[in-house]
Amino acid sequence: MDKFFKEAVIEAKKGLHEGGIPIGSVLVKDGKIIGRGYNRRVQQNNPMIHAEIDCLMNAGRIGSYKGTILYSTLMPCYLCAGAVVQFGIKKVVAGESKTFPGAVEFMKEHGVEVIDLDDNECIGMMKDFISFSPELWNEDIGKL
């Protein structure tokens, strides 16, 4: 497993441990993690704090996103994919898209290289979470 992707998984587990949704993300530039985050929508009572958004907020103003790679344990939704496109991030590595397909086509249509790792740990973590907390999951993805 890629060392950066492992860090995104660690972030996801932080969210789960805090009673939130287990999705984590890291932003890498020049071979270094410059931002990390996890879905804190529940913990912060803020529907906007998805993992990728938290990661980008924690990276702060970096000027150019040229050459950055965004890692996420789950395929980014339209909110997060919009941020990817807006900031010109050209590569996204997602842990999986089986439990949630996300906005992969939207990102590809905007020139983003999307890699889906189809990672069993991420799939299992999300399946377990969704079966344990379906209402919370459906609220997060706007299905309630």
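Just so it is clear, the model here is predicted, and its values are computed rather than measured. (Residues numbered from 1 in each chain as written. Predicted model: local features only at pLDDT ≥ 70, side-chain atom pairs only at ≥ 80, totals over all residues. Heavy atoms only, no water.)

Colleague: Kindly report on the pattern of salt bridges, identifying the contributing residues and their values.
Modeller: All told, the structure shown has seven salt bridges when counted by the stated rule. Between R36 and E11 there is a salt bridge, with the nearest N and O atoms lying 3.0 Å from each other. One end of the pair, R36, is in strand β2 (residues 32-38); the other, E11, is in helix α1 (residues 3-17), with 25 residues separating them in the sequence. Note on R36: relative accessible area 30%, which makes it partly exposed. Judged by relative accessible area, which is 2%, E11 ranks as buried. (Salt bridge = Lys/Arg side-chain N within 4 Å of Asp/Glu carboxyl O. Helix = DSSP H or I, 4+ residues; strand = E, 2+ residues; numbered from the N terminus. Buried < 20%, exposed > 50% of the residue type's maximum accessible area, 1.4 Å probe, protein only.)

Colleague: Please set out the packing of helix α3 (residues 51-59) against helix α4 (residues 78-87) residue by residue, giving values where relevant.
Modeller: Helix-helix packing is characterised by the crossing angle of the two axes and by the distance between the axes. At their nearest, the axes of α3 and α4 sit 8 Å apart, and the two run at 35 degrees to each other. Contacts between α3 and α4 involve E52, I53 and L56 from the first element and L79, C80, A83 and F87 from the second. Here the residues of the contact of α3 with α4 sort into six nonpolar, no polar and one charged. (Axes fitted to C-alpha atoms, helices over the stretch in contact; angles between N-to-C directions. Contact = heavy atoms within 4.5 Å. Nonpolar A, V, L, I, M, F, W, Y, C, P; charged D, E, K, R; others polar.)

Colleague: Quick one: what's the story with the packing of aromatic side chains, residue by residue and with numbers?
Modeller: Taken as a whole and judged by the stated rule, the model has four aromatic pairs. Judged by centre distance (5.0 Å) and plane angle (25 degrees), the ring pair of Y65 and F87 falls under stacked. Taken together, the residues Y65 in the loop between α3 and β3 (69-72) and F87 in helix α4 connect sequence positions 22 residues apart. Note on F100 and W137: the rings are 5.8 Å apart at their centroids and 90 degrees apart in plane angle, and the pair reads as edge-to-face. Here the residue F100 occupies a position in the loop between β4 (91-94) and α5 (104-109), and W137 occupies one in helix α7 (residues 134-140), the gap between them amounting to 37 residues. (Phe/Tyr/Trp six-rings, centres within 6.5 Å; stacked < 30°, edge-to-face > 60°.)

Colleague: Would you mind going over unusual backbone geometry in detail, with residue names and values included?
Modeller: Backbone phi values are negative for most residues with the exception of glycine, while trans is the configuration of most peptide bonds. Phi is positive for N45, close to 50 degrees, though the residue is something other than glycine. By the secondary structure assignment, N45 is in the loop between α2 (41-44) and α3. Non-glycine residue D118 carries a positive phi angle of around 50 degrees. Looking at the element boundaries, D118 is found in the loop between β5 (113-116) and α6 (120-132).

Colleague: Explain the pairing of strand β1 (residues 24-29) to me, and be specific about the residues and the numbers.
Modeller: In terms of residue burial, β1 counts as a mostly covered element, since five of its six residues are buried. Bridging between β1 and β2 involves six bridges; their strand directions are antiparallel. Bridge pairing in β2 places S25 opposite G37. Inspection of the sheet shows β1 paired to β3 by four bridges, in the antiparallel sense. For V28, the partnering residue across the bridge sits in β3 and is I69. (Pairing = 2+ DSSP bridges.)

Colleague: Describe in detail the sheet that holds β2, supporting the description with residues and values.
Modeller: Within a sheet, adjacent strands bond to each other through the backbone by hydrogen bonds, running parallel or antiparallel. The five strands are arranged β2-β1-β3-β4-β5 in an open sheet whose pairing can be described as mixed. Looking along the sheet, the strands with just one partner apiece sit at the ends: β2 and β5. Strand after strand, the sheet turns through a mean of 15 degrees between neighbouring axes, direction not considered. Together, β1, β2 and β3 form the strand contacts of α3, whose direction differs from that of β2 by roughly 135 degrees.

Purely spatial values, then, with no claim about function.
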